[in-house]
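Observations on the model geometry
Here's the letter readout for the chains.
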Amino acid sequence: MKKVVIGFFVFLAVLLAVAALVPVLFKDKIKQTLDKEIAKNINANVIYQTDDVSLSLFRDFPDVSLGVENLAIVGIDSFATDTLAQIPSFRMGLDLMSVIAGDELEVNSITMDEPKIRLIVLKSGKANWDIMKPDTAAVTPADTVASDFAMAIKKWEVNNGTLFYDDLSIPFGMAAYNVNHTGSGDFAKDVFDMKSQTTSDRFTMTYDGVNYIENGKLDADVTMAMDLNKSLYTFKDNKIQLNELPFTFAGTILMPDEAMDFDLTFKATETDFRNVLSVVPGMYTEQFKDIKTEGKLSFDGYFKGRMIDTLMPGFGTELKIINGYFKYPDLPQAARNINVDMRIDNKDGNPNNTTIDVRQLHLDLGKNPVDAKMLVEGLEPMKLDGNVKASIDLTEMTKVFPIEGMTLRGLLKVDADAKGVYSKTSMPVIDADMRLTNGYVKSKDFPAPIENLNMVTNILNKTGNTDDTRINVQNFNMTLDGEPLSGRALIAGIDKPSFDFDIRGILDLTKLTKIFPQEGMTVSGRINANVAAKGKLSDVEAEKYNNISANGTMGITNLNFVSTDLPQGIKISKADAVFNNERIELKNMSGHLGKSDIQANGTISNYLGYALADNQSLRGNFNLSSNNFNVNEWMVEETGEPVASTEAAGVVEVPANLDITLNVNAKQVAYDNLKLNNVNGRVLVKDKIAKLDKVTFNTLGATFATNGSYNTQDLTKPLFDMALDIQNLNFRQAFNAFNTIKALAPIAGVLDGNFSTNFKFAGEMSPDMTPVFKTLDGAGIIKVLKASVRDVKIVDKITSLTHLEELKNFVIENKIIDAQIVDGNLVIKPFELKVGDVQMTVGGSNNVEGHIDYVTALNVPTGKVGQEINSRLAGMIGGTQLKAAERVTLNLKIGGTLTDPKVSLAGGSVKEQASNLVKEAVQNKLDDAKLKLDQRKQQATDSIKNELNRRKLEAEQKAREELEKKRKEAEQQLKKQATDKISDFLKPKAKPAAKPAPADTTKVGTK
């Protein structure tokens, strides 16, 4: 017995040792397999760290647990900034024997803790979860294993997850928080039952911006029969509950190829009115458990048919509520006699075959009845026949349904009838009246109420023609804390409406926004307005302002505006505006844009066309002045936070539909790390182009004069051009301040002295709002006023090679240099210097990668150079000629980079002038650069032509196919007509007895 016990403990010790060693022995192999599978199958960025991968034999014994912490999956291309999944803890249970055997890793279970999953479908239908790489390789007979992983999953689990689904193509959205999900099923088999349980504490469903389910509680227990060979999935036992509404599904989902075939029905499993009331938005709060309810309901529906890219299944639902009733315990009145009888039916999935039939809708809010009926057939066009009648005392309504923090009074009457077709060219015959009398609104957040609120509105169309529609706000008036506001408005017609409106009174934005808070926005200030306008939109579009009557005044005092999109804020201390038909004259405006003070006056014209018509420009001419304007404050990232450098979040687009001239006068402007003083000039904005016209300023001790433009008509390739006239700028300050100087003329960083320049250049702008240097072209002159050359590595290398010590330290004064930018290369044309008795000619080029390619010719007295150079020259030009010559020209080639230059002797002569050697070499470089530029432009032109030709051929082929299709259809139609005539002639006169139509099982609610 003792030996047995000892043997057992020895066995146990060995087992524990093996359990501890397995993760160590196989971790690298499993990690490599995981990386291989991701690279082979996933078309997305899967982000995790090696240190976050762990293996354990104890956590999921007898499986090996493969854990990955802080796992993230980020999309590419259109979804490059979208995180598909963020999973703090991801775990797979791997079959132990498959790990040891090593041929194929068998996954038995998957667990995710606190995952955040965001599913997105773009308007184009492209989905961010479509990340599996297509298997384009042909599978050979020997290739029987498609993957190093075998998904024999038997169970899976999600703990405290968050799920977002946003389909922009519908548009439909869904969000589920605190999601806990468990599932089980043997995916190693072809036929099995899959069981799942899902709960969510907060479930929201949105369609077209409206929340139909908000913060609901979801509990789903579903069992499905899975037939993987047939791709057939059948609902078996299932219970689903949303808030207090339980319902169940029955039927099948078949997935042949890319299509999905649905044959589903659903119905509520309980019949109390309370159940359906719990899913009404705004009802299911903490108070819901105390609400008293009565009444019955029936709710069922179907979802049947094929779903594919161009086809949707049919669907339908029917809801009946009989004698519904609810009453809040703390309120004196109840909602009674709630009766609803409605159905939605669409048998084939075509939206235009949708029917919405509200046969009855009635409820009594206290003593206030509401009645409605509506039949909608189709969506585009939409056939309507309905009416709504309600007479609601708002005081009584708040006794039935609580509106927290707000007091309402007044009598609201609605009487509306509509019958006809709504489409782009027609309106239903409609007569709708809405009248509010003695309205009163008071919010707990602000003590001053809106009082004496009266409004009479009528919408009338007697013919069904869109242009015969009249929207008439006959009267509107109110008092806010003793300050009156009144107005009226009439709009006649839809396509080319006429308008007649006036507004009078004082609007205190501080008080108004406290009563009606605006999310993400803070507004305060006072507007005193008296504005009227009358005319036709067609005259506005034609700019026939003589036919428009518009006049009025507006005074603004202490207006403050801050929003999430404009966190810097706008403050207008005061401003006055006078209106007429053609323009608005702005006077005496003063305030701040962010922290920058501004003063402005000017005129705005075509403001009616800009506000009311499409594609009309707002024109204006303003005088704008500032003592201190900070541009950096307006250079923001997507988060809205100011950036610390000139890097912008993306291409800045010049607004369309603007034709504005700004006459700028600013004493100081902060831009990046520069202080621009005495900024004067004009900025013209038109057709998505911003132009600088004679803009002058001082900075870095120099004077700048600029002209140029920034063109965003093609946002994929924004263009710019600039003409600069700079006087007396320090080399090193220019290098430190301007990226273009750093890229194209880095030698400025090692020179002491000043220069002036007159230069023009143009090119493309990159998304970070810096020039695309390879697209730059330009030309100009650089005047070196004075520059001390010392400790320059190029010059040190020349001195070391030639032993010309006077070149180590010299001064350049009043030297004019011609330069060109070609295909992103700065080409310096030959210029001459004299240092002592050394005559120098310099020219060449450098590019944005930092490479230099220069030629320098030195004309020096014979024998002044070192013995080594003399020996090499004698070999090149002959010792006799060299001894007989008084001076000799050294041809030096300079390459490498500015920080690591390479200087070599390329030749010599006793006859040629130094400038001739350099001119020829530089001209060759210039010709090569222009040739490459021309070739690139020709390639771009050819590419565009080829694309246009391809599209033309495709259009022609499509037209031929469409013509042939129509010809065949016409031929078939003629044959059918001939057959029908013969059939009519031959068929017997007596009609057979009519057979009863088969029952339509897709209808819901039938007994």
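Reading guide: rules and limits
Starting afresh in each chain, residues are numbered from 1 along the sequence in its written order. For this predicted model, a pLDDT threshold of at least 70 governs which residues receive local features, and a threshold of 80 or more governs which side-chain atom pairs are given and counted, while totals over whole chains, interfaces and linings are taken from all residues. Values reported for side chains reflect all heavy atoms of the structure, with hydrogen atoms and water molecules removed beforehand. Helix numbering and strand numbering both begin at the N terminus, where a helix is a DSSP run of H or I of at least 4 residues and a strand a DSSP run of E of at least 2. Relative accessible area decides the class of each residue, using a 1.4 Å probe on protein chains only: under 20% of the type maximum gives buried, over 50% gives exposed, and in between gives partly exposed. Under the convention used here, a 1.4 Å probe and the Shrake-Rupley method define accessible areas, while residue burial counts only the protein chains that appear. For two strands to be treated as a pair, DSSP must find no fewer than two bridges joining them. Criterion for a salt bridge: a side-chain nitrogen of Lys or Arg within 4 Å of a carboxyl oxygen of Asp or Glu. Taking the helix axis as origin, the arc is that swept by the directions to the C-beta atoms. Two residues form a contact once any of their heavy atoms are found within 4.5 Å. Each patch is built from salt-bridge-free residues with over 30% relative accessible area, joining like charges within 9 Å and nonpolar side chains (Val, Leu, Ile, Met, Phe, Trp, Tyr) within 5 Å. By the counting scheme adopted, Arg and Lys are positive, Glu and Asp are negative, and His together with the chain ends is not counted. The atom standing in for a charge is NZ when the residue is Lys, CZ when it is Arg, CG when it is Asp and CD when it is Glu. Counted as a polar contact is a pair of N or O atoms within 3.5 Å, where, for protein atoms, one must be capable of donating a hydrogen and the other of accepting one, and residues adjacent in sequence contribute only when both atoms are in side chains. Here a pair means two rings of Phe, Tyr or Trp (six-membered ring of Trp) with centres within 6.5 Å. Their orientation is stacked below 30 degrees between planes, edge-to-face above 60, and tilted elsewhere. Should the NZ of a Lys or the CZ of an Arg lie within 6 Å of a ring centre and within 35 degrees of the ring normal, that charge is described as sitting over the ring. The definition of a nonpolar core used throughout is a set of buried Ala, Val, Leu, Ile, Met, Phe, Trp, Tyr and Cys residues joined through side-chain atoms within 4.5 Å. The quantity called pLDDT is the predictor's confidence in a given residue, expressed from 0 to 100.

Another point: the overall build of the protein chain. Looking only at helices and strands, one finds 13 helices and 45 strands in the protein chain. Within the span of the protein chain, comprising 1007 residues, buried residues form 39% of the whole. In the structure as shown, the protein chain presents an accessible area of about 57,000 Å², 55% of it carried by carbon and sulfur atoms.

Turning to the pairing of strand E18 (residues 368-377), a few remarks are in order. With 9 bridges joining them, strand E17 (residues 355-365) and E18 adopt antiparallel strand pairing. Counted as the bridge partner of Leu 361 is Ala 372 from E18. With antiparallel pairing between neighbouring strands as the criterion, E17 and E18 make up a hairpin whose turn holds 2 residues, including Gly 366 at a positive phi of roughly 65°. By the bridge criterion, 8 bridges tie E18 to strand E19 (residues 382-393) in an arrangement that is antiparallel.

Quick look at the pattern of salt bridges now. For the structure on display, the rule yields 24 salt bridges. In this structure, the salt-bridge partner of Glu 244 is Arg 274, at a minimum N-O distance of 3.1 Å. With Glu 244 in the loop between strand E11 (232-242) and strand E12 (245-254) and Arg 274 in helix H3 (residues 273-277), the pair connects residues that are 30 residues apart, well separated along the chain. Taking relative accessible area as the criterion, Glu 244 reaches 24% and is therefore assigned partly exposed.

All of the buried residues in helix H10 (residues 793-802) are Ile 794, Val 795, Ile 798, Thr 799, Leu 801 and Thr 802. One face of H10 carries all of its buried residues, which in axial projection span an arc of 165°. Remark: His 803 follows H10 within two positions and exhibits a positive phi of approximately 60°.

With that out of the way, let us pick up the side chain of Thr 355. Locating Thr 355 in the fold gives a position in strand E17. Classification of Thr 355 as buried rests on a relative accessible area of 16%. Setting aside residues up to four positions removed in sequence, Thr 355 forms contacts with Arg 343, Ile 344, Asp 345, Leu 375, Val 376 and Glu 377.

Taken together, the side chains of Asp 415, Asp 417, Asp 431 and Asp 433 define an acidic patch exposed on the protein surface. Listed by contribution, the elements that provide at least two residues to the negative patch are strand E20 (406-422) and strand E21 (429-443). In this fold, Asp 417 is placed in strand E20.

Let us look at the environment of Asn 698. Along the polypeptide, Asn 698 turns up in strand E35 (residues 689-699). Between the C-alpha atoms of Asn 698 and Asn 677, which are 21 residues apart in sequence, the distance is 5.0 Å. In contact with Asn 698, other than residues within four places in its own chain, are Lys 675, Leu 676, Asn 677, Asn 678 and Thr 703. A distance of 3.2 Å separates a polar atom in the side chain of Asn 698 from a polar atom in the side chain of Thr 703.

According to the stated counting rule, one finds 15 aromatic pairs in the structure shown. Judged by centre distance (6.1 Å) and plane angle (55°), the ring pair of Phe 704 and Phe 738 falls under tilted. One end of the pair, Phe 704, is in strand E36 (residues 702-711); the other, Phe 738, is in the loop between helix H8 (731-737) and helix H9 (739-744), and 34 residues separate them in sequence. If you follow Arg 118 out to its NZ or CZ, it ends over the ring of Phe 164, 4.3 Å from the centre.

The biggest cluster of nonpolar side chains holds 98 residues, and the ones touching the most others in it are Tyr 607, Ile 798, Leu 807, Met 840, Leu 858, Leu 890 and Leu 892. At 6 residues, the largest contribution of residues to this core is made by strand E39 (residues 771-790). Aside from chain neighbours lying at most four places away, what touches Leu 890 is Thr 802, Thr 856, Ala 857, Leu 858, Val 865, Ile 869, Leu 873, Leu 905 and Gly 907. Counting 80 residues, the second-largest nonpolar core is a separate cluster that includes Ile 42, Leu 297, Val 400 and Ala 448.

For residues with low pLDDT, the predicted coordinates do not support detailed interpretation. In the predicted model, the protein chain carries a mean pLDDT of 80, and the fraction of residues at 70 or more is 82%. Counted against residues more than four places away or in other chains, residues 636-649, with its pLDDT under 50, gives 23 contacts. Taken as a whole, residues 981-1007 scores under 50 in pLDDT and shows 14 contacts with residues more than four places along the chain or in a different chain.

Our focus in this paragraph is the environment of Arg 790. You can see Arg 790 is positioned in strand E39. Assessed through its relative accessible area of 35%, Arg 790 is described here as partly exposed. For Arg 790 and Val 750, which are 40 residues apart along the polypeptide, the C-alpha to C-alpha distance reads 8.2 Å. Those residues in contact with Arg 790 that sit more than four places away from it in its chain are Val 750, Asp 752, Lys 808 and Asn 809.

This brings us to the pairing of strand E25 (residues 498-508). Successive side chains on a regular strand alternate, one facing one side of the sheet and the next facing the other. In this structure, strand E24 (residues 483-492) lies alongside E25, joined through 8 bridges in antiparallel fashion. Directly across from Ser 486, in E25, lies its bridge partner Arg 504. The antiparallel hairpin formed by E24 and E25 contains 5 residues in its connecting segment, where Gly 493 sits at a positive phi of about 95°.

The subject of this paragraph is the side chain of Asp 341. In this fold, Asp 341 is placed in strand E16 (residues 335-346). Here Asp 341 is in contact with Leu 319, Lys 320, Asp 357, Val 358, Arg 359 and Gln 360, once residues within four sequence places are set aside.

A contiguous nonpolar surface patch, about 380 Å² in accessible area, is contributed by Ile 170, Tyr 207, Val 210 and Tyr 212. As for its placement among the helices and strands, Val 210 is situated in strand E10 (residues 210-227). Classification of Val 210 by relative accessible area gives partly exposed; the value is 39%.

Further remarks concern unusual backbone geometry. Here the bond from Glu 380 into Pro 381 is cis, since omega is 0°, no more than 30 degrees from zero. Along the chain, the position of Pro 381 falls in the loop between E18 and E19. A positive phi angle, close to 55°, is found at Ser 231, a residue other than glycine. You can see Ser 231 is positioned in the loop between E10 and E11. Phi at Lys 688 is positive, roughly 65°, even though this residue is not glycine. Mapped onto the secondary structure, Lys 688 falls in the loop between strand E34 (674-686) and E35. For Lys 688, a relative accessible area of 24% corresponds to the partly exposed category.

With that settled, the discussion passes to the environment of Asn 160. On the secondary structure map, Asn 160 appears in strand E7 (residues 149-167). When the C-alpha atoms of Asn 160 and Val 179 are compared, they prove to be 5.0 Å apart, with 19 residues separating the residues in sequence. Not counting residues up to four positions away in its chain, the partners in contact with Asn 160 are Glu 114, Pro 115, Asn 178, Val 179 and Asn 180. Reaching out from Asn 160, the side chain makes a polar contact with the side chain of Asn 178 at a distance of 3.2 Å.

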